[in-house]
Amino acid sequence: MTFPVDKSGAAPDTLRGGPRRRRVRTGEGAGGRGVPLPLLVPALLGLAFLIVPLIALLVRAPWRSLPDLLTSAEVWQALRLSLVCATAATAVSLVIGVPLAWLLARVEFPGRGLVRALVTLPLVLPPVVGGVALLMALGRNGIVGKWLDSSFGVTLPFTTTGVVIAEAFVAMPFLVISVEGTLRAADPRYEEAAATLGASRFTAFRRVTLPLIAPGIAAGAVLAWARALGEFGATITFAGNFPGRTQTMPLAVYLALQSDPEAAIALSLVLLAVSVAVLAGLRDRWMTAG
Amino acid sequence: MTEPRHASDASAATPDVRADTSDAGLDAHLVVERGTFRLDVALRVAPGEVVALLGPNGAGKTTALRALAGLTPLTGGRLRLDGTALERTPPESRPVGVVFQDYLLFPHLTALDNVAFGPRCQGASKAEARAQAAEWLGRLGLAEHVGAKPRRLSGGQAQRVALARALATRPRLLLLDEPLAALDARTRLEVRAQLRRHLAEFEAVAVLVTHDPLDAMVLADRLVVVEDGRVVQEGAPSDIARRPRTDYIAQLVGLNLYRGEADGHAVQLDAGPSITTTEALRGPVFVAFPPSSVTLYRERPTGVSARNLWACEVAGLETHGDQIRADLTGELPLAADLTTVAAAELDLHPGAAVWAAVKATQTHAYPV
């Protein structure tokens, strides 16, 4: 990254606090569009704010003992559980989220705006609140959970399934929003063309719309997966923190920080690596958008 | 396939019409109300006949087409095809094929799978559907392009794939929305001729929508001119070209058109002056003459046999191929075509005063 830098030196003679507007000039021949200091300084501060913690993580990483830490059974257990649950939560989100996105994008019904707002709510809701809400719904005494328990003997809280549910609750809105946006951008007349060829609405969706919006679905799925992988608040509230059963990586990191900070750093590095990999995978889609 | 170009004997010539031939074909009265716009078009088309809905943009042609396909619901009227009421039938259950203006070929499917899509939806196995699709593509001269994705096809090829895709469902009603609009001038000529051939071979009802009078006249047996949601004129292309009934059609076919009251050979025009015509008529009439039949003079001509002579002023000039089209106002507003040389010799420029003359033999009068 390059930043316009004042090449004229430190310019100590500039009138400090004077009435003249001070500007940092870009390098020679750069068009003379300067970046005003009141914007440049906070911008650099913001950049540092985001990057320094990541650098600190790398600097303080126990590189020597890292191989031992990462190959320990606890780490693998947590990592495997995290990957399995995040993938399962993404799968759940795809199966029920894509049709929901289609409904929001293609079917006019009263209160559609309200429904869309409700779908978006988990995006801004504190995850802990999401976890409490899930307990109220699916907990042993929850409005649905009670019935699940009495009729089928199914209990969801504090199980691995509970982890998947908590992650899907938090992650699915990302998928729905992403897929709905792609659907709105896709030309609905392809579905009309399919209809004139004898395709039912479902066939048109399956054979025409779905392939056309596949890139949007993939992007939404990656986003949801990354969100599910990092999910903490709803998971610990709804599923608890049992190693091997509900203790995912973020929970393990938090727990390790209290007893074994080196292990916490090592676990964090793994999650950082996964995040970087996800970002690299999405590079072509979003990072070139600017 | 038969050769059912003539509407009158089409039902007799079509091989697979039902026992009750009076029901065969399309019998529609399309009413679609949307806000202030109202489409109200009656349409009867015999099997084997090709009808063009011709009209300016926004006239409701495409709405009519969408209503026939079931993509826009009717708010009134009726729609019967081969004796079956279709008003409440969803688009996927109608025996209708559509060639869309920009074709809407599925970009993720090959030409073959685009054409096989319809037969697949109708229950054919994958292999069967592909075999049918290959046959249709072969028939339309696209055998080499079966494996191509739509983006690799030229405009003309894509148009034929779209036609094959629509025909592969064996529709009883084929709809074409501006079938040639997406093509450049060169391919258009060629594709128009091919399309005419394919439409002539099609044994069921074909309705196409266009704003191009040439496309309409080349492709269709009968024109239905739609303006502002209503049918303003219908008939054989040659008839409409010779006897336009609205300014829009007159402009389309390049004629000066006036309404007036005939008394023998003299017609008192609503626009002001009177005009002498070949035909002797009585009552309200249209009078039409082509811009090329107008002769312009800078000085009032003497000894000119033309009895139709008007003092005009040049309002505008524009190039029309190798001709100059002069737009005249004055005693009688009219369009006149002349060669570039003639325009230069007359020193025509906007504001120039001219005399315009038309021979009675060049005019054509017909009852309103």
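- Chain B is annotated in an unreviewed UniProt entry as ABC transporter ATP-binding protein of Streptomyces dioscori.

- By the naming in an unreviewed UniProt entry, chain A goes by Molybdenum transport system permease and is assigned to Streptomyces dioscori.
- Under Sequence similarities (unreviewed entry), UniProt gives the following word-for-word description of chain A: "Belongs to the binding-protein-dependent transport system permease family. CysTW subfamily."
- Quoted verbatim from the Subcellular location (unreviewed entry) field of UniProt, the annotation for chain A is "Cell membrane".

A closer look at the overall build of chain B
Moving on, step 1. Each helix and strand in chain B was counted, giving ten helices and 18 strands.
Moving on, step 2. C-alpha extents for chain B along the principal axes are approximately 80 × 45 × 40 Å.
Moving on, step 3. With 368 residues in all, chain B has 52% of them scored as buried.
Moving on, step 4. Counted over contacts in chain B with a minimum sequence separation of 6, partners at least 24 positions apart contribute 66%.
Moving on, step 5. As displayed, chain B offers around 16300 Å² of accessible surface, 48% of which is attributable to carbon and sulfur atoms.

Let's talk about the UniProt feature "domain: ABC transmembrane type-1" (unreviewed entry) in chain A
Moving on, step 1. As recorded in UniProt, the sites labelled "domain: ABC transmembrane type-1" (unreviewed entry) are residues 79-280 of chain A.
Moving on, step 2. For the annotated span residues 79-280 of chain A, helix accounts for 79% and strand for 0% of the residues, and the straight-line distance between the end C-alpha atoms is 20 Å.

Re helix H6 (residues 185-201) of chain B
Residue and element names in this part refer to chain B.
Moving on, step 1. Taking 1.5 Å as the rise per residue, H6 with 17 residues should run 24 Å; its terminal C-alpha atoms sit 25 Å apart, in good agreement.
Moving on, step 2. When H6 is considered as a whole, its buried residues turn out to be Arg188, Val191, Arg192, Gln194, Leu195, His198, Leu199 and Ala200.
Moving on, step 3. In this fold, the buried residues of H6 make contact with strand S3 (50-54), helix H4 (126-139), helix H5 (155-167), strand S7 (173-177), strand S8 (205-210) and helix H7 (213-219).

Comments concerning the side chain of B:Asn256
Residue and element names in this part refer to chain B.
Moving on, step 1. Structurally, Asn256 can be placed in strand S11 (residues 256-269).
Moving on, step 2. On the accessibility criterion, Asn256 (7% relative accessible area) is buried.
Moving on, step 3. At a separation of 2.8 Å, a polar atom in the side chain of Asn256 contacts the main-chain amide nitrogen of Ala335.
Moving on, step 4. Sequence-distant contacts of Asn256, that is, excluding residues within four places in its chain, are made with Val287, Ala288, Phe289, Pro290, Pro291, Val294, Leu334 and Ala335.

Focus: the pairing of S11(B)
Residues and elements named next belong to chain B.
Moving on, step 1. Two elements, S11 and strand S12 (residues 274-289), share twelve bridges in a ladder whose sense is antiparallel. What sits directly across from Val267, in S12, is Ile275.
Moving on, step 2. Counted between consecutive antiparallel strands, the loop separating S11 from S12 contains four residues, among which Gly272 sits at a positive phi close to 140°.

Thoughts on the packing of aromatic side chains
Moving on, step 1. Inspection of every chain in the model, using the stated rule, returns nine aromatic pairs over all chains.
Moving on, step 2. Between the aromatic rings of A:Phe232 and A:Tyr254, the centroid separation amounts to 5.4 Å while the plane-to-plane angle is 70°, which identifies the pairing as edge-to-face. A residue pair is termed long-range when its members are at least 10 positions apart, and A:Phe232 in the loop between helix H10 (214-229) and helix H11 (233-238) and A:Tyr254 in helix H12 (residues 249-259) qualify at 22 residues.
Moving on, step 3. Plain terms: the ring middles of B:Phe286 and B:Tyr366 are 5.6 Å apart, the flat faces sit at 40° to each other, and that makes the pair tilted. Taken together, the residues B:Phe286 in strand S12 and B:Tyr366 in strand S18 (residues 364-367) connect sequence positions 80 residues apart. The same class applies to B:Phe286 and to B:Tyr366, which are both buried.
Moving on, step 4. Every member of this aromatic cluster is reached through a ring pair, and the members are A:Tyr190, B:Phe106 and B:Phe117.
Moving on, step 5. The ring of B:Trp136 has B:Arg139 sitting right over it, with the charged end atom 4.4 Å from the ring centre.
Moving on, step 6. Its guanidinium or amino end placed over the ring of B:Phe106, B:Arg165 lies 4.6 Å from that ring's centre, counting from NZ or CZ.

A look at the UniProt feature "transmembrane region" (unreviewed entry) in chain A
Moving on, step 1. Sequence positions flagged by UniProt for "transmembrane region" (unreviewed entry) are, in local numbering, residues 39-61, 81-105, 117-138, 158-179, 208-226 and 263-282 of chain A.
Moving on, step 2. A distance of 34 Å separates the end C-alpha atoms of residues 39-61 of chain A, which is 91% helix and 0% strand.

Re the interface of chain A and chain B
Moving on, step 1. Between chain A and chain B, the residue contacts involve 18 residues of the former and 21 residues of the latter.
Moving on, step 2. Among the residues chain A hides against chain B, the three largest losses belong to A:Thr196, A:Leu197 and A:Arg207. Together they make up 40% of the total.
Moving on, step 3. Seen at the junction of chain A and chain B, the total is two salt bridges.
Moving on, step 4. Linking A:Arg189 and B:Asp102 is a salt bridge whose minimum nitrogen-to-oxygen distance equals 2.8 Å.
Moving on, step 5. At the junction of chain A with chain B, the criterion picks out four residue pairs in polar contact (both at pLDDT 80 or more).

Here we look at the sheet that holds strand S13 (residues 294-297) of chain B
All names here are of chain B.
Moving on, step 1. The strand order across the open sheet formed by five strands is S13-S17-S14-S15-S16, and the pairing between neighbours is antiparallel. In the strand order of this sheet, the two ends are held by S13 and strand S16 (334-339), each with one partner. Sheet twist, expressed as the mean angle between neighbouring strand axes with direction ignored, is 45°.

Considering the side chain of A:Thr203
Moving on, step 1. Along the chain, A:Thr203 turns up in helix H9 (residues 201-212).
Moving on, step 2. Look past the residues within four positions of A:Thr203 in its chain and what remains in contact with it is A:Val208 and B:Cys121.

A word on the domain arrangement of chain B
One widely used convention gives an interface's size as the accessible area the parts lose upon coming together.
Residue and element names in this part refer to chain B.
Moving on, step 1. Taken domain by domain, chain B comprises domain 1 (26-247) and domain 2 (254-367).
Moving on, step 2. Counting residues at the interface gives seven residues for domain 1 and six residues for domain 2.
Moving on, step 3. Surface buried jointly by domain 1 and domain 2 totals about 640 Å² across both partners, of which 55% is contributed by carbon and sulfur atoms.
Moving on, step 4. Considering only the side of domain 1, the residues that lose the most area to domain 2 are Arg243, Pro244 and Arg245, jointly responsible for 67% of the buried surface there.
Moving on, step 5. Taken together, the links from domain 1 to domain 2 amount to zero salt bridges.
Moving on, step 6. Along the contact surface separating domain 1 from domain 2 lie three residue pairs in polar contact (both at pLDDT 80 or more).
Moving on, step 7. Its residues assigned to classes, the side of domain 1 that touches domain 2 shows two nonpolar, one polar and four charged.

Conventions and cut-offs
- Residues numbered from 1 in each chain as written.
- Chains lettered and ligands numbered in written order.
- Predicted model: local features only at pLDDT ≥ 70, side-chain atom pairs only at ≥ 80, totals over all residues.
- Heavy atoms only, no water.
- UniProt positions renumbered as here; feature names shortened; annotations may be inferred.
- Helix = DSSP H or I, 4+ residues; strand = E, 2+ residues; numbered from the N terminus.
- Buried < 20%, exposed > 50% of the residue type's maximum accessible area, 1.4 Å probe, protein only.
- Contact = heavy atoms within 4.5 Å.
- Areas by Shrake-Rupley, 256 points an atom, 1.4 Å probe, with all protein chains shown as cover.
- Expected span 1.5 Å × (residues − 1).
- Polar contact = N/O pair within 3.5 Å; in protein donor to acceptor, adjacent residues only side chain to side chain.
- Pairing = 2+ DSSP bridges.
- Phe/Tyr/Trp six-rings, centres within 6.5 Å; stacked < 30°, edge-to-face > 60°.
- Lys NZ or Arg CZ within 6 Å of the ring centre and 35° of its normal.
- Buried area = accessible area lost by both parts, 1.4 Å probe.
- Salt bridge = Lys/Arg side-chain N within 4 Å of Asp/Glu carboxyl O.
- Axes fitted to C-alpha atoms, helices over the stretch in contact; angles between N-to-C directions.
- Domains from an automatic or database assignment.
- Nonpolar A, V, L, I, M, F, W, Y, C, P; charged D, E, K, R; others polar.

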